[in-house]
Protein chains: 2
Amino acid sequence: MTNNQINSVTVIGAGNVGFHLAQLFFSLGINVIQIFSRKMENAIFCAEKVNTEAINDLEKVKGEVDLVVLAVNDDVIGEVSEKIPVLQNSIIVHTSGSVSTDVLKKHPHYGSFYPLQTFTKNTPPNWKNIPICISANSPKSEKKLLDLANKINDKTYQINDKQRQFLHLNAVIVNNFVNHLMVVAQDILSKNEVDFDILRPLFEETAKKALNFSPSEIQTGPARRGDIKTIEKHLELLKDFPQYQFLYKTLSKSISSFYL
Amino acid sequence: MTNNQINSVTVIGAGNVGFHLAQLFFSLGINVIQIFSRKMENAIFCAEKVNTEAINDLEKVKGEVDLVVLAVNDDVIGEVSEKIPVLQNSIIVHTSGSVSTDVLKKHPHYGSFYPLQTFTKNTPPNWKNIPICISANSPKSEKKLLDLANKINDKTYQINDKQRQFLHLNAVIVNNFVNHLMVVAQDILSKNEVDFDILRPLFEETAKKALNFSPSEIQTGPARRGDIKTIEKHLELLKDFPQYQFLYKTLSKSISSFYL
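What counts, and at which threshold
Residues numbered from 1 in each chain as written. Chains lettered and ligands numbered in written order. Predicted model: local features only at pLDDT ≥ 70, side-chain atom pairs only at ≥ 80, totals over all residues. Heavy atoms only, no water. Pairing = 2+ DSSP bridges. Helix = DSSP H or I, 4+ residues; strand = E, 2+ residues; numbered from the N terminus. Axes fitted to C-alpha atoms, helices over the stretch in contact; angles between N-to-C directions. Buried < 20%, exposed > 50% of the residue type's maximum accessible area, 1.4 Å probe, protein only. Arc of directions from axis to C-beta. Contact = heavy atoms within 4.5 Å. Phe/Tyr/Trp six-rings, centres within 6.5 Å; stacked < 30°, edge-to-face > 60°. Lys NZ or Arg CZ within 6 Å of the ring centre and 35° of its normal. Parallel < 35°, antiparallel > 145°, perpendicular 65-115°, else oblique. Left-handed = near helix turned anticlockwise from the far one by under 90°. 1 Å grid on protein atoms, 1.4 Å probe; cavity = no way out; pocket = protein on both sides within 12 Å on 5 of 7 lines; lining within 4 Å. Points joined across faces, edges and corners; volume = space filled by probe spheres on them. Nonpolar A, V, L, I, M, F, W, Y, C, P; charged D, E, K, R; others polar. Core = buried A, V, L, I, M, F, W, Y, C linked by side-chain atoms within 4.5 Å. Least-squares fit on C-alpha atoms with pLDDT ≥ 70 in both. Salt bridge = Lys/Arg side-chain N within 4 Å of Asp/Glu carboxyl O.

Okay, the sheet that holds strand β7 (residues 132-136) of chain B next. Residues and elements named next belong to chain B. Strand order in the open sheet made by the eight strands is β3-β2-β1-β4-β5-β6-β7-β8, with mixed pairing throughout. In this open sheet, the two edge strands, each paired with only one partner strand, are β3 (53-55) and β8 (156-158). Shown here is a sheet whose adjacent strand axes are inclined to one another by a mean of 25°, direction ignored. The pairing of strand β1 (residues 8-12) with strand β2 (residues 31-36) spans five bridges and is parallel.

In this section: helix α2 (residues 40-49) of chain A. Residues spaced three or four apart along an α-helix face the same direction, because each turn holds 3.6 residues. Residues and elements named next belong to chain A. Looking at α2, one finds that the buried residues are A43, C46 and A47. In an axial view of α2, the angular spread of the buried residues amounts to 100°, which keeps them on one side of the axis. Relative to its buried face, α2 has exposed residues pointing more than 90 degrees away, namely E41 and E48. In this fold, the buried residues of α2 make contact with α1 (16-27), β2 (31-36) and β3 (53-55). One or two positions beyond α2, positive phi appears at N51, with a value near 50°.

This part is about the packing of aromatic side chains. One pass over the structure, following the stated rule, counts 15 aromatic pairs over all chains. On the numbers, 5.8 Å between centres and 15° between planes, the contact of F19 of chain A with F45 of chain A is stacked. Within this pair, whereas F19 of chain A is found in helix α1, its partner F45 of chain A is found in helix α2, the two being separated by 26 residues in sequence. Given the relative accessible area of 18%, F19 of chain A is considered buried. Here the aromatic rings of F25 of chain A and F113 of chain A are separated by 6.1 Å at their centres, their planes lie at 55°, and the arrangement is tilted. Placement of F25 of chain A in helix α1 and of F113 of chain A in strand β6 (residues 110-115) is noted, with a sequence separation of 88 residues between them. Both residues of the pair, F25 of chain A and F113 of chain A, count as buried. Positioned above the aromatic ring of Y259 of chain B is the side chain of R224 of chain B, whose terminal nitrogen or guanidinium carbon lies 3.9 Å from the ring centre.

Let us now look at the packing of α1 of chain A against α2 of chain A. In a packed pair of helices, the relevant descriptors are the angle between the two axes and the axis-to-axis distance. Residue and element names in this part refer to chain A. As a packed pair, α1 and α2 sit with axes 9 Å apart at the nearest point and diverge in direction by 20°. As far as their axial angle goes, α2 and α1 are roughly parallel. Considering the relative orientation of α1 and α2, their crossing is right-handed. Contacts between α1 and α2 involve F19, A22, Q23 and F26 on the former and, on the latter, F45, C46 and K49.

A separate point is the sheet that holds strand β1 (residues 8-12) of chain A. Residues and elements named next belong to chain A. The eight strands are arranged β3-β2-β1-β4-β5-β6-β7-β8 in an open sheet whose pairing can be described as mixed. Two strands bound the open sheet, and with one partner strand each, they are β3 and β8 (156-158). Strand after strand, the sheet turns through a mean of 25° between neighbouring axes, direction not considered. Across three bridges, strand β7 (residues 132-136) lies against β8 in parallel orientation. By the bridge assignment for β8, I134 is matched with Q158. Relative to β3, α2 is tilted by about 160°, and along the sheet it contacts β2 and β3. Where helix α4 (residues 139-152) meets the sheet, it contacts β4 (67-70), β5 (91-94), β6, β7 and β8, and its direction lies at approximately 165° from that of β7.

Applying the stated criterion to the full structure yields three cavities of 30 Å³ or more. As a volume, the largest cavity reaches approximately 40 Å³. The wall of the largest cavity is formed by L181, V184, I188, L238, Y244, L247, Y248 and L251 of chain A together with I173 and F177 of chain B. Counting only elements with at least two residues in the lining of the largest cavity, the list comes to α5 (161-191) and α8 (242-258) of chain A together with α5 (161-191) of chain B. Looking at which element gives the most residues to the lining of the largest cavity, the answer is α8 of chain A, with four residues. Classifying every residue of the lining of the largest cavity gives ten nonpolar, no polar and no charged. One number sums up the size of the second largest cavity: a volume of about 40 Å³. Contributing to the lining of the second largest cavity are I173 and F177 of chain A together with L181, V184, Y244, L247, Y248 and L251 of chain B. Of all the secondary-structure elements, those providing two or more residues to the lining of the second largest cavity are α5 of chain A together with α5 and α8 (242-258) of chain B.

With that settled, the discussion passes to the nonpolar core. Counting residues in hydrophobic clusters, the biggest one holds 78 residues, and the most contacted among them are L167, L181, L199 and F203 of chain A together with L167, L181 and L199 of chain B. Only α5, α6 (200-212), α7 (228-237) and α8 of chain A together with α5, α6 (200-212), α7 (228-237) and α8 of chain B provide two or more residues apiece to this core.

In the superposition of chain B on chain A (RMSD 0.1 Å, axial shift 0.0 Å), the rotation amounts to 180°. What we have between these two chains is a two-fold relation. In terms of C-alpha distance to the rotation axis, chain B has V178 of chain B as its closest residue, with the C-alpha 2.9 Å off the axis. Taken together, the interface assignments show that 100% of the residues at the interface of chain B recur at the interface of chain A, consistent with an identical surface on both copies.

In this structure the tally under the stated criterion is 18 salt bridges over all chains. In this structure, R200 of chain A engages D197 of chain A in a salt bridge whose closest nitrogen and oxygen atoms are separated by 2.9 Å. By relative accessible area, D197 of chain A is classed as partly exposed at 39%. Across the pair D75 of chain B and K229 of chain A runs a salt bridge whose closest N-O atoms are separated by 3.7 Å. Here D75 of chain B is found in the loop between β4 (67-70) and α3 (77-83), whereas its partner K229 of chain A is found in helix α7 on a different chain. Just as D75 of chain B is exposed, K229 of chain A falls in that class too.

With that out of the way, let us pick up unusual backbone geometry. Although it is not a glycine, E193 of chain A sits at a positive phi angle of roughly 55°. Here E193 of chain A is to be found in the loop between α5 and α6. E193 of chain A gets classed as exposed once you look at its relative accessible area, which sits at 72%. One non-glycine residue, N51 of chain B, adopts positive backbone phi at about 50°. Mapped onto the elements of the fold, N51 of chain B is located in the loop between α2 (40-49) and β3.

Structure, rendered in structure tokens:
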């Protein structure tokens, strides 16, 4: 352990995030000291990939490490932190978007290390395109975490607890809700025997534009231009899909009121 | 005019769609006979690009043409069709997603020619990636329109009036509503002083997945997994944004009920 740099890390949790993070750190030349999983076989599977020790007992987490990353479910972060012996010389972080870092305050140096992306099993993440949001309870720890994040890519951000929670919330909007709209379209079209593929190029173009321009400036559509006639036509078409009719109404109202 | 192929076309309307369609037909070697716009200068501007006659009087539309394309606002399609002398030997189509082709039935051969994409001023459309949906009131006309569409690309579809209206409705969902969700995220983040760019890579990945997989099979998020605790946390965060809180609730409910 040095004073200014993170050279060693222990990863708690061998799920999607833990598994990929351990391999990332290893590939960056950072010493992976231990991998923990409640299930020993998972810990071993992950530890073997990064040449390190597997453990399934939190009391065995060693204090001689620069960083301890809790990549476990939101619900158990506090509990796991409590079971780890007080880490006097390490920074302990979690990777959650929505949990306050306060749950780690048993330890003197704590913070968050939040990679904002969806992780898919069996698909190696493209770390060059994953923003890393960090925070810590001291400028010194913050600096160390930022330096580590900068080794991963140039999309590193220092944000506070509240901002991270808002990011997580908006990740739901931009990921889960957007995908749901595609599900809705897929469902309505299939019930009318229309090939969903017809819509894909439009969605592709929509995404491209939203990525390259300011979304609020490129908004179009019946709700944006106050075209009540078309909106009513669409609501009539959706009369057999009351749930989607309500969704259509809600989104249209939200668009109109945004531009009032 | 030949019996089996569309070799000549007149374009009514010199707006975005008319302007681009006229140039497309011209580039495909189809004879553009006339361009109409209410404003003579617009008709001339467009006609000059395709070496043809500009008109601003619908009674002057010539009948000696294989296809007449009405690329005018939904509201005036019926009216414009009425003003054109009965076209005995041409197919007349409109390019609208939501208007019934019945409004063209004064003419013996009619249908629709619906390119499903957002058109942007000053940006030439990428016709290779724009699905063309056609319909007509006879198999013979349908065949001719399909052959024409096939010259543009291999994304040509034959759909009926109702299906086209559902496509148009879902284009609103997949384009306007998706963009609005980006606007919402942009707004919430900016009010919390968080850089919107942090979210862009996630949206990029979301779009990529929705394009390459079946959206209903890759749905994730708190609503999908019934994680009420996170949903409540997000609703609490949105307490100062009642409109977005309602939107969040509505979309979450829609997701949960889809997977019930």
